[in-house]
Amino acid sequence: MDLVIDQYQSIKEEDVNVWFKVAPISAFPKDGGACVKYKDKQIAVYNFTRKEKWYACQNLCPHKMEMVLSRGMIGDVSRIAKVACPLHKKTFSLETGENLNGDLPAIATYPVKIEDGFVYLGFSEL
Amino acid sequence: MQQIVVIGNGMVGYKFCEKLAGLAKSGTLNIKVFGEEPRPAYDRVHLSAFFENQDAKSLELAPASWYSENGIELITGQYITDINKEVKTIKTKSGQTYSYDQLVLATGSVPFVPPIRGVEKEGVFVYRTIEDLEGMLAYADKINSKKSNGKAAILGGGLLGLEAGKAVLDMGLEPHVVEFAPKLMPRQLDARSSKVLQLTLESIGINIHLSKATNKILGNGCITGMEFGEDDELNVDMLIISAGIRPRDELAKSCGLETGTRGGIVVNNKMQTSDPSIYAIGEVALYNQMIYGLVAPGYDMANVAANQIVGNTEVLMAEEIDMSTKLKLIGVDVASFGTPFMPADKGHSVIFENKTKHLYKRINISHDGKNLLGGILVGDAEDYNILHQMYLNGMAVPEDPAQLILPTSEGGGVLGDITDLPDMAQVCSCESVTKGQICGAIESGEASDLGGVVSCTKAGTGCGGCKPMVKNLTEATLKSLGIEVKDHICEHFEYNRQELYDIIQVKGYQTFDEVIDNHGNGCGCEICKPVVASLMATIHADTANKEYAIQDSNDRFLANIQRNGTYSVVPRVPGGEITPVKLIALGEIAKKYDLYTKITGGVRIDLFGATLKQLPLIWKELIAHGFESGHAYGKSLRTVKTCVGSTWCRYGMDESVSFGIELENRYRGIRAPHKIKGGVSGCIRECAEARGKDFGLIAVEGGWNLYVGGNGGANPRHAELLAEQIDNDTVIRYIDRYLMFYMRTAKPLQRTAAWLESLEGGLDYLKEVVVDDKIGIAEDLEKEMQTLVNKFECEWTQAVNDPEMMKRFNHFVNSEDDDDTLVFVPMREQKMPKQWQKVPLKAASIS
C-alpha cells in the first residue's frame with residue numbers, strides 16, 4: 001500500500017548524509033513550531049527556546065493523517081519535550097516520536113542542527 | 001497437576017481465565033486456552049469504537065503477556081476439531097492432541113445469516129470480529145472511490161444492527177436499517193419507544209425500514225440491492241447482516257453432548273454439560289432453555305464454572321438472570337430493565353413521552369404500588385442506574401411513582417441519593433461489584449481516586465454503563481472522608497486557575513515564562529499555556545497576538561481549525577443583523593476563495609475551507625468591507641443571538657436587536673474559561689432561545705428578565721432567572737458582574753452552567769454577589785469589565801497590518817507553496833474535506 005505516512009522514517013544523526021539548509025533561526029517562533037518543505041516531505045520543526053533545543057518530526061499526525069503537527073503547541077511531560085496535535089490533542093514525544101496519550105504509531109523524528117544562525121535538517125538519501 | 005483446557009478466547013473465555021487464575025493456588029492447575037482469532041480476547045461490546053479509531057489494541061482486555069504472567073498458555077489462531085470425551089482429549093486442526101481433566105467450552109456464537117437468495121454475493125458482511133470490520137472498511141473505501149453517494153443496508157434492527165448503522169454513517173455511506181419486525185430492538189423496546197428511537201436515528205441520517213422481509217439479494221457477482229417483494233426494492237452497494245446469533249455448538253454435537261432443539265449446549269446451574277467434566281459458558285450455553293447474549297450473564301457463568309472447578313461447589317448460577325441493559329447507542333441513551341413489557345394482569349405502567357425532545361420513559365409497577373418491576377428509557381437514561389438498583393434491591397417506590405420519571409422543575413428529583421443504597425447493592429453488574437466493595441476500597445486506603453477504584457475493583461470495566469455511578473460514589477466517599485479532590489491545573493503548576501489569576505494580577509506578570517519561572521516548573525504544556533494566555537487576556541486585555549505561541553491552536557491562527565487542517569472564517573455579525581451590501585461582500589469573498597458557506601447556529605455566516613495562507617488575504621478584504629474578527633475561535637464571547645424584536649415583530653415588547661448588538665459589541669473579544677454565548681428575545685415567545693445561553697434576556701412588561709448559566713454544552717441546561725424587570729443599564733451592570741465573577745473563579749474550560757452548579761450556594765449565592773453586592777466586590781468587577789471593554793482591539797486588524805505577524809500564516813517556513821496534500825470533494829454544490837484517511841492497521845495494532 002502506498003501511503004503518505006510511509007514516506008516518513010526516523011533518521012538517526014549518524015545516518016545523515018544530507019544536511020538541508022532551511023531558514024534562519026528568526027523565521028521560527030520562540031517555543032513554537034513551523035513547517036518545512038523538503039522535496040515532497042513536510043517536516044515540523046520546533047524552536048524549543050525554554051529547553052534551548054530544536055526538534056523536528058513529520059508534519060503528519062498519524063491519528064487522522066492530516067498535515068498539522070507543526071501548528072501544535074509544544075511543552076513537556078515529566079521533562080520530556082512533546083507536541084500536542086491541534087486537531088485532537090494527541091501528544092507525541094519530540095525525543096522519540098512515541099505517542100504519549102494513546103496507542104498510535106510513533107511519528108518519525110529528524111536531526112536538527114544550527115550553524116551560523118541557520119537551521120539545518122538531517123536526511124539520509126540513497 | 002490438573003489440566004484445564006478452555007476452548008474459546010472471547011470476552012467470556014477470557015473472564016473465565018481471569019477468575020480461575022485468581023481462585024487457584026499457584027502450581028495446582030495447568031491452564032490452556034485456545035482462540036480462533038489471531039489476537040488475544042478483546043472487548044466485542046465496544047466493537048463499533050473500532051470504526052472511530054481503528055485501534056484494535058485499545059479494545060484488548062489484557063495484553064498477551066498477561067496470560068503468561070498468570071501461568072496460562074494462550075494459543076491463538078487455532079481451531080479445535082474434535083473432543084474425545086472417553087479419553088478426555090481434544091484435537092486441533094493442525095493435528096495435535098491435548099488431554100484435559102476439565103474442559104470449558106466458551107465457543108460463543110456466530111452471526112446468524114438467514115437463508116436469503118444471493119447472500120453469498122460480494123459486498124455482504126457480518127458484524128462480529130475485528131476482521132469483519134476491516135473487510136467492511138476496505139469495501140466501503142472501494143465504494144467511496146467510485147461514487148460519492150454510496151448506500152449500505154443493515155439487516156437487523158437490534159442493538160448491534162443499529163450500532164452498525166452508525167458505523168456505516170462513519171464510513172461515509174448512507175445507512176439503511178432493515179428490520180423484519182414492526183419495531184426496532186424488538187426484544188427490548190415497545191412500539192412507542194421504538195418510534196421515538198426511530199425518529200432520533202432518522203434525524204441523524206440513519207434510514208429505518210420496518211416490517212420488511214428480504215426475499216433476495218440483487219446483483220451480478222456483487223450486491224446492488226435488496227428485494228423485499230414485488231416492486232419493492234432498495235438499491236444498496238453493501239449489506240451488513242446483524243440478524244441475531246447462533247450458538248457454536250457443533251463441537252458439542254459431534255462429541256455427543258446434550259444440546260437444545262434450536263441449538264446451544266444444555267447446562268445445569270453449575271454450568272456443567274451432560275458430561276460433568278465439561279463445562280459450557282457464555283453464548284454457547286443453554287441455561288433455563290435460553291441463550292443469554294449479554295456480557296454480564298456470561299461473566300457470571302465464567303465465575304460459576306471457575307468456582308466449581310476449584311471446588312467451591314456452593315457457587316451456583318442464579319435462577320433468574322437479570323437482562324437489564326443500558327447503552328449509549330449512537331449518542332442516544334437506550335435502557336431497558338427488569339420486565340420491560342408488562343401484561344396488564346401483572347402490574348400497571350406509567351409512561352412519559354415527549355416526541356419533540358425524543359424522550360420516552362416507561363416504568364412498570366406492581367399492582368400494590370410497592371415494587372418496580374421493570375421499564376424502558378429512551379433519550380435520557382440518566383436515572384437508569386438508580387431505577388435499576390430500586391428494581392434489583394426491591395427498594396420502596398414513592399407514593400406517586402410518576403415522580404420517578406417525570407422531569408422535575410426544581411432539579412434534584414425524588415430519586416434517592418446513591419449513598420443511600422444498601423452496601424449489598426450491585427453497582428457494576430458485569431463484574432459483580434457492590435457499593436460496599438467500592439466504598440470499602442476507598443475507606444481501606446486501597447484506592448484514593450476513581451482510577452484506583454476501577455483498577456482494584458474492576459467496576460466499570462465491562463459494558464461501562466455504571467461508570468457515572470462509580471464516579472459519584474467514589475467522589476461522595478472521598479468527600480465523606482474529608483479527602484480533598486485536587487484541582488491543580490497540570491503537572492507544571494500546583495495551583496488552580498483562580499490562584500494563578502491572583503498571582504498574575506498581584507505580581508503583574510506579562511509573559512508565560514515569568515509565571516512558570518516564578519511559580520511553576522518545567523516548560524508548560526497544552527493545558528497550562530492556554531490557561532495562562534486566557535488569564536493574561538482577562539487581566540491585561542491582551543489580544544491573542546501578543547504571545548501567540550502559548551495560545552491554543554485556534555487562537556494562534558485566529559481561526560477555527562477544521563477537519564482537514566484548513567480553517568473557517570467567521571466575521572462578527574453583531575446580533576445577526578447585516579446589511580445587504582455586507583451580505584453581498586461576504587458572498588463575493590467566499591466565491592473568490594472558493595469557500596463553503598453556512599449559516600451557523602449562532603446567527604453568523606461561516607466560511608469554510610480557507611488554507612493558512614489564505615487567512616490574512618481573506619481577512620484583509622473582510623476588514624476593508626467593515627467586518628471585524630468574530631472570535632469564532634477563542635474561549636470568548638461568540639455571539640448574542642437575537643430575534644427580530646419590536647423592530648419588526650408584531651409581538652415584540654422591546655428592541656431585542658438593538659440591545660443584542662449593544663451587548664455583543666460590549667463583550668466581544670474578552671477571553672473567558674470557556675466560550676460564551678448570549679441571547680436576547682423580544683418577548684416571552686423566546687425566538688432567540690435566550691434561556692439556552694450563558695446569559696439570556698427576555699423582554700417582559702416593565703423591562704428585561706435576566707437568565708444566567710444556560711447552555712451547558714454536552715449536558716444541556718436551561719438558564720435560570722437572576723433578576724426580573726430590570727432596565728438596560730441594570731442588565732449591563734449585572735452581566736458585567738456575573739461574567740467577570742465567572743471569569744475570575746471558574747476552572748479552566750468550565751462553562752457557566754457547570755460553574756454555577758459547582759458554586760457553593762448556587763444561584764442564591766450568585767444573586768447575593770451580583771444583585772445584592774453582599775461581599776462588596778460588585779464595583780471592582782464592573783471596573784475590571786469596563787477596562788476590558790475599553791481596551792478592545794480587533795486582533796485580525798492587528799495581524800493584517802503587521803508584516804511580522806503575517807509570517808505566521810505561511811504553510812511552509814521555507815517556501816511560498818501551498819500544502820499540496822489537501823483534497824476536497826463535492827458536497828451539495830459546495831465542497832467539503834475528503835473522508836478521513838484510514839490509519840494503517842498494521843502500524844496501529846502492533847505494539
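Residues numbered from 1 in each chain as written. Chains lettered and ligands numbered in written order. Predicted model: local features only at pLDDT ≥ 70, side-chain atom pairs only at ≥ 80, totals over all residues. Heavy atoms only, no water.

### Description of the interface of chain B and chain A
How large an interface is tends to be reported as the accessible area lost when its parts come together. Definition in use: We call two residues in contact when some of their heavy atoms are within 4.5 Å. Buried area adds together the accessible area that both of two parts lose upon being put together, with accessible area traced by a 1.4 Å probe. For this analysis, a salt bridge means a side-chain nitrogen from Lys or Arg found within 4 Å of a carboxyl oxygen belonging to Asp or Glu. Here a polar contact means two N or O atoms within 3.5 Å. Within protein one must be a hydrogen donor candidate and the other an acceptor candidate, and residues neighboring in sequence count only if both atoms are side-chain atoms. We count a stretch as a helix when DSSP gives it H or I for four or more residues in a row; a strand needs E for two or more, and each element gets its number in order from the N terminus. Ten residues, namely Ala, Val, Leu, Ile, Met, Phe, Trp, Tyr, Cys and Pro, are considered nonpolar, four, namely Asp, Glu, Lys and Arg, are considered charged, and the remaining ones, Gly among them, are considered polar.
Listed by partner, the interface residues are 49 residues for chain B and 46 residues for chain A. Between chain B and chain A, the buried area comes to about 3,800 Å², and carbon and sulfur atoms account for 53% of it. Sorting the residues of chain B by area buried against chain A places E526, V813 and W836 of chain B first, and these three jointly supply 17% of that buried surface. Seen at the junction of chain B and chain A, the total is five salt bridges. With a shortest N-O distance of 3.2 Å, D552 of chain B and K89 of chain A are connected by a salt bridge. The interface formed by chain B and chain A holds 18 residue pairs in polar contact (both at pLDDT 80 or more) in total. Looking at the side of chain B that touches chain A, the elements with two or more residues in it are helix 3 (56-59), helix 15 (512-519), helix 16 (528-540), helix 17 (553-557) and helix 28 (841-845) of chain B. In terms of residue class, the side of chain B that touches chain A is built from 18 nonpolar, 15 polar and 16 charged.

### With respect to the pattern of salt bridges
Think of it this way: side chains of opposite charge can pair up when their charged atoms draw near. Residues and elements named next belong to chain B. Just so we agree on the cut-off: Relative accessibility thresholds used throughout: buried, under 20% of the residue-type maximum; exposed, over 50%; partly exposed, between the two (1.4 Å probe, protein chains only).
What the rule picks out here adds up to 44 salt bridges over all chains. Put simply, D237 and K147 hold a salt bridge, and the shortest N to O gap is 2.7 Å. Of this pair, D237 sits in the loop between strand 15 (232-235) and strand 16 (238-241) while K147 sits in the loop between helix 5 (130-146) and strand 10 (151-155); the two residues are 90 residues apart in sequence, bridging distant segments of the chain. Accessibility expressed as a relative area gives 17% for D237, which makes it buried.

### Some words on the pairing of strand 24 (residues 359-366) of chain B
Residue and element names in this part refer to chain B. Just so we agree on the cut-off: Should DSSP find at least two bridges between two strands, the strands are regarded as paired.
With eight of eight residues buried, strand 24 lies mostly within the body of the structure. Alternating positions in strand 24 separate into two faces, L359, K361, I363 and I365 on one and Y360, R362, N364 and S366 on the other, with burial throughout. With eight bridges connecting them, strand 23 (residues 347-354) and strand 24 associate as antiparallel partners. The partner of S349 across the bridge, within strand 24, is N364. Once strand 23 ends, the chain turns through four residues before running back antiparallel as strand 24, passing H358 with a positive phi of about 55°. Pairing geometry for strand 24 and strand 25 (residues 372-378), over six bridges, is antiparallel. Looking at strand 25, one finds that I363 is bridged to G375. Where strand 24 folds back onto strand 25 in an antiparallel hairpin, the turn is made up of five residues, including G369, whose phi is positive at roughly 75°.

### Some remarks on the nonpolar core
Residues and elements named next belong to chain B. Where we set the bar: Among the buried residues, those of types Ala, Val, Leu, Ile, Met, Phe, Trp, Tyr and Cys that are joined through side-chain atoms within 4.5 Å form a nonpolar core.
Membership of the largest hydrophobic core comes to 73 residues, with the highest contact counts inside it found for F16, I83, I90, L105, M271 and I281. Excluding anything up to four places from it in sequence, F16 contacts I4, V6, V104, I281, A302, A305, A306 and I309. Core analysis: the second largest hydrophobic core is formed by 61 residues, I550, L722, M740 and L781 among them.

### What to know about the sheet that holds strand 36 (residues 720-726) of chain B
Working definition: the strands of a sheet are paired by backbone hydrogen bonds and lie parallel or antiparallel to each other. Residues and elements named next belong to chain B. Applicable threshold: Each axis is a line fitted through C-alpha atoms, and for a helix only the stretch in contact is used; angles between axes span 0 to 180 degrees, taken between their N-to-C directions.
Spatially, five strands are ordered 32-33-34-35-36 in an open sheet, and the strand pairing comes out mixed. Of all the strands in the sheet, the pair left with one neighbour each is strand 32 (637-642) and strand 36. Mean inter-strand twist for the sheet, computed between neighbouring axes without regard to direction, equals 15°. Here six bridges tie strand 34 (residues 695-700) to strand 35 (residues 703-708), and the two strands are oriented antiparallel to one another.

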